[in-house]
Amino acid sequence: MSSADTGTAAATRADATADDRLRPGGPGYRRANLALFAAGLATFALLYSTQALLPALSSGLSLSPAQASLTVSATTAALAVALLPTSALSEKYGRTPVMTVSVVSASLLALAVPFAPNLAVLVALRAVQGVALAGLPATAMAYLAEEIHPSAVPSAIGLYVAGNSIGGMSSRVAGGALAQAFGWRVALLVIGLSALGCAAAFRLLVPPARHFTPGPVHPAALWRTVTGHLRNPLLRGLYALGLLFMAVFGAVYTVLGYRLTAAPFGLSQTAIGAIFLVYLVGTLASAASGALLARTGRRGAFAVAVALCAGGLLLTLAGSLTLILVGLVLVTAGFFTGHSVASGAVSRATSAGRAQASALYLTAYYIGNSLGGTFGAAAFHAAGWGATVVLALVAVGAAGAVALRAGVSRPSAATP
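Every chain begins its residue count from 1, and numbering advances along the sequence as written. Two thresholds apply to this predicted model, a pLDDT of at least 70 for residue-level local features and 80 or more for giving and counting side-chain atom pairs, whereas whole-chain, interface and lining totals are computed over all residues. To obtain the side-chain values, all non-hydrogen atoms of the structure were included, while hydrogens and water were left out.

Enquirer: Whenever I open this one, the overall build of the chain confuses me. Can you help?
Expert: Helix and strand labels come from DSSP, where a helix needs a run of H or I of at least four residues and a strand needs a run of E of at least two; each type is numbered from the N terminus. When you go through the chain residue by residue, the secondary structure sums to 17 helices and zero strands. It is over C-alpha atoms that the radius of gyration is taken, and the globule rule equals 2.2 Å times the number of residues to the power 0.38. Its C-alpha atoms give the chain a radius of gyration of 21 Å, within 12% of the compact-globule value 22 Å for 416 residues. Considering only C-alpha atoms, the chain reaches an extent of 80 × 40 × 40 Å along its principal axes. Using a 1.4 Å probe on the protein chains alone, a residue whose accessible area is under 20% of its type maximum counts as buried, one over 50% counts as exposed, and one in between counts as partly exposed. For the chain, the residues scored as buried account for 55% of the 416 residues in total. For the chain, the share of sequence-separated contacts (at least 6 apart) that also reach a separation of at least 24 residues comes to 84%. Computed by Shrake-Rupley with a 1.4 Å probe, the accessible areas treat only the displayed protein chains as cover when residues are assessed. Accessible surface computed for the chain: about 15700 Å², of which carbon and sulfur atoms make up 71%. Neither His nor the chain termini are counted; the positive set is Lys and Arg, and the negative set is Asp and Glu. The location of each charge is read from NZ of Lys, CZ of Arg, CG of Asp or CD of Glu. For the chain, the distance from the average position of its 23 positive side-chain charges to the average position of its 7 negative side-chain charges is 16 Å. Two residues form a contact once any of their heavy atoms are found within 4.5 Å.

What follows is the structure, given as structure tokens:
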């Protein structure tokens, strides 16, 4: 080996040693992943805790599907509004403190939700809970991007999103069974206690941030950062994709319980909750999204996500419960594939204002959930499941059009 080669190799080893970010097999990496996994479990169990219970809420409080869906859409809308302010706070006070306050306070609020006497109080509590929850998704991806070595960021984000999917699934499945046996109030109380346990695990496990540099919060500077991100065509496309994929997902999962409890299916609340085991497909799709992205590129990965969602939606029009479940599997896989790829691309598309970039993506994402759930439920109430599917297919078609644009399909210079 020449002296030049020797010098290059030594420099490479020195750079690897100097970069002390967490790597697979290294100290702290497993703890970081487990901590964010637990926090994701708590956050998404709480965020969607009422979704599988909507038919029970309609029955217990004499609500229409559109009224009951407010217990989900109010939470996601409030979370969307709070994301940017909490991401700014994380720039000053740190990722870990903001995430800790977020998941603990949301879990404590969850203990009050089951005692709401009517829809107005229930929706108000859920909205406040949405504000409290905003701190974790606003900063989690920024924390991973800063503390995890770039080579392991896609897989770490995939595992975090997988925790999100398991949290959303577990609250729906357990909530359905508990509501069938003890009523929706007991179901929500158990979900809240479980989330509080996950919050404690997060606080005990999460490694301290070593690569975060605090800075003052200046509204003018925040505005410049936000408008700068919105002028970036790649980021704008990714934000649109997050909104559209989530609108599809929100519409399907908000309304499906009503369709399957009605004739000719007549499923029980426990059976409706069990259907959310399909979320396991989302866990697998999230974990596999990094490999798919490596094989097909961003354009190919989004094409797979769009095709899965469209095919799944069409299958849910069938009168067979088996075909409906297969369609739900495809929609779930497509959504989690698209979301994992889009959210990961956002976290790598910029090195400045990373928390705000992620917060903007999640703002669009949760606005999509609120729009999809609210309009999907209204469409179902007006014209049945077919109307909900048509609405979702329009969103899927729009996502396909956005994904084909060069600004989204071609990686930016900032993307490794």
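We are not done yet, so read on.
Enquirer: Explanation requested: the packing of helix α5 (residues 95–110) against helix α6 (residues 119–133) in the structure shown.
Expert: Helix packing geometry: the angle between the two helix axes and the distance between the axes. Here an angle of 0 to 180 degrees is reported between the N-to-C directions of two axes, which are lines fitted to C-alpha atoms, with helices fitted over the stretch in contact. Between α5 and α6, the least distance of the axes is 8 Å, while the angle of their chain directions is 165°. Between α5 and α6, the interaxial angle falls into the category roughly antiparallel. Crossing of α5 against α6: the hand is left-handed. In this structure, α5 uses S102, S105, A106, L109 and A110 to contact α6, whose residues at the interface are V128, Q129, A132 and L133. Residues belonging to the contact of α5 with α6 are distributed by class as follows: six nonpolar, three polar and no charged. The labels follow the angle: roughly parallel below 35 degrees, roughly antiparallel above 145, roughly perpendicular from 65 to 115, and oblique for the rest. Rotating anticlockwise by less than a right angle from the far helix to the near helix defines a left-handed crossing, while the corresponding clockwise rotation defines a right-handed one. Charged means Asp, Glu, Lys or Arg here, nonpolar means Ala, Val, Leu, Ile, Met, Phe, Trp, Tyr, Cys or Pro, and polar covers whatever is left, Gly included.

Enquirer: Would you explain the pattern of salt bridges in this entry?
Expert: Oppositely charged side chains can pair when the atoms bearing their charge come close. Within this document, salt bridges are pairs made up of a side-chain nitrogen of Lys or Arg and a carboxyl oxygen of Asp or Glu, the two lying within 4 Å of each other. Following the criterion strictly, the structure yields one salt bridge and no others. Between R95 and E146 there is a salt bridge, with the nearest N and O atoms lying 2.4 Å from each other. Here R95, found in helix α5, pairs with E146, found in helix α7 (residues 135–147); they are 51 residues apart in sequence, far enough to count as distant. Here R95 and E146 have matching classes, each one buried.

Enquirer: Help me understand the environment of A38, please; the structure alone is not making it clear to me.
Expert: Mapped onto the fold, A38 is located in helix α2 (residues 29–47). Taking C-alpha positions, A38 is 8.8 Å from N164, a pair spaced 126 residues apart along the chain. Not counting chain neighbours up to four residues away, the residues in contact with A38 comprise C198, A201 and F202.

Enquirer: Quick question: what am I supposed to make of helix α11 (residues 233–261) here?
Expert: An α-helical turn contains 3.6 residues, so any two residues separated by three or four positions project in the same direction. Here the expected length of a helix is defined as 1.5 Å per residue gap, with one fewer gap than residues. Under the 1.5 Å per step criterion, the end-to-end length of α11 is 43 Å for 29 residues, consistent within 8% with the ideal 42 Å. At V255, α11 is deflected by roughly 35°, the largest bend along its length. Counting buried residues in α11 gives 24 out of 29 residues, a clear majority hidden from the surface. Taking the backbone nitrogen of L234 as reference, a side-chain oxygen 2.9 Å away marks N232 as the first, capping residue of α11. A residue's bend is given by the angle between axes fitted to the 7 residues ending at it and the 7 residues starting at it. What qualifies as a polar contact is a pair of N or O atoms within 3.5 Å, subject to a donor-acceptor requirement within protein and to the restriction that residues adjacent in sequence count only when both atoms come from side chains.

Enquirer: Before we go on, may I ask you to explain the confidence of the model for the chain in this structure?
Expert: If pLDDT is low for a region, its predicted coordinates should not be looked at in detail. Per-residue confidence from the predictor is reported as pLDDT, a score between 0 and 100. Here the chain shows a mean pLDDT of 85. Residues at 70 or above account for 92%. Within the chain, α6 carries the highest mean pLDDT (96), whereas helix α1 (residues 3–18) carries the lowest (43). Low pLDDT, under 50, characterises residues 1–17; the predicted model gives this stretch two contacts beyond four residues in sequence or across chains. A low-confidence stretch, residues 410–416 stays under pLDDT 50, and its non-local contacts, those more than four residues away or across chains, total 14 contacts.

Enquirer: Just checking my understanding: could you explain the nonpolar core for this structure?
Expert: Note that soluble globular proteins tend to have their nonpolar side chains buried in a common cluster. L36, I148, Y160, F245 and Y366 are the most contacted members of the largest nonpolar core, which totals 123 residues. When residues in this core are grouped by element, the largest group, 16 residues, is from α11. Every residue in contact with Y366, bar those within four places of it in the chain, is listed here: F44, L47, Y48, T76, L79, A80, L83 and P137. Within this scheme, the nonpolar core is defined by two criteria: the residues are buried Ala, Val, Leu, Ile, Met, Phe, Trp, Tyr or Cys, and they are joined through side-chain atoms within 4.5 Å.

Enquirer: Is there a simple way to think about the packing of aromatic side chains in this case?
Expert: Any pair of aromatic rings gets described here by the distance separating the centres and the angle formed by the planes. Between the rings of Phe, Tyr and Trp (Trp by its six-membered ring), a pair exists once the centres lie within 6.5 Å; its type follows the angle of the planes, with under 30 degrees stacked, over 60 edge-to-face, and the other angles tilted. Tallied over the entire structure, the rule returns 10 aromatic pairs. One aromatic cluster in this structure is built from F249, Y253, F276, F335, F336, Y361, Y365 and Y366.

Enquirer: So what exactly am I meant to see when it comes to the side chain of S171 here?
Expert: Along the chain, the position of S171 falls in helix α8 (residues 153–182). Owing to a relative accessible area of 3%, S171 belongs among the buried residues under this scheme. Within the structure, S171 has its side chain in polar contact with the backbone oxygen of A45 (distance 3.3 Å). Apart from the residues lying within four places of it in its own chain, the contact partners of S171 are F44, A45, Y48, S49 and I191.

Enquirer: Is there a simple way to think about a nonpolar patch on the surface in this case?
Expert: A contiguous nonpolar patch, built from I367, L371, F375 and L391 and spanning about 340 Å² of accessible area, is present on the exposed surface. Residue contributions to the nonpolar patch peak at three residues, all from helix α15 (residues 354–383). Assignment of secondary structure puts L391 in helix α16 (residues 385–404). Note that patches include only residues with greater than 30% relative accessible area and no salt bridge, and the join distances are 9 Å for like charges and 5 Å for nonpolar side chains (Val, Leu, Ile, Met, Phe, Trp, Tyr).

Enquirer: What's the story with unusual backbone geometry in this structure? I'm lost.
Expert: For residues that are not glycine, phi is negative in most cases, and the peptide bond is trans in most cases. Here A263 and P264 are connected by a cis peptide whose omega angle stands at 5°. You can see P264 is positioned in the loop between α11 and α12 (269–275). Backbone geometry places S62, a non-glycine residue, at a positive phi of 55°. For S62, the position within the fold is in the loop between α3 (54–61) and α4 (65–93). In this structure S62 comes out as exposed when scored by relative accessible area, which is 65%.

Enquirer: What am I meant to see in the side chain of S69 here?
Expert: Structurally, S69 can be placed in helix α4. Apart from the residues lying within four places of it in its own chain, the contact partners of S69 are L54, T254, G373, T374 and A377.

Enquirer: Teacher, can you tell me more about helix α14 (residues 321–348) here?
Expert: Here α14 spans 41 Å end to end across 28 residues, near enough to the 40 Å set by a 1.5 Å rise per residue. The element α14 is extensively covered by neighbouring structure, given that 21 of its 28 residues are classed as buried.

Enquirer: Which parts of the structure should I look at to understand the environment of V123?
Expert: For V123, the position within the fold is in helix α6. Considering only alpha carbons, one finds V123 and A74, 49 residues apart in sequence, at a separation of 6.5 Å. Not counting chain neighbours up to four residues away, the residues in contact with V123 comprise L70, T71 and A74.

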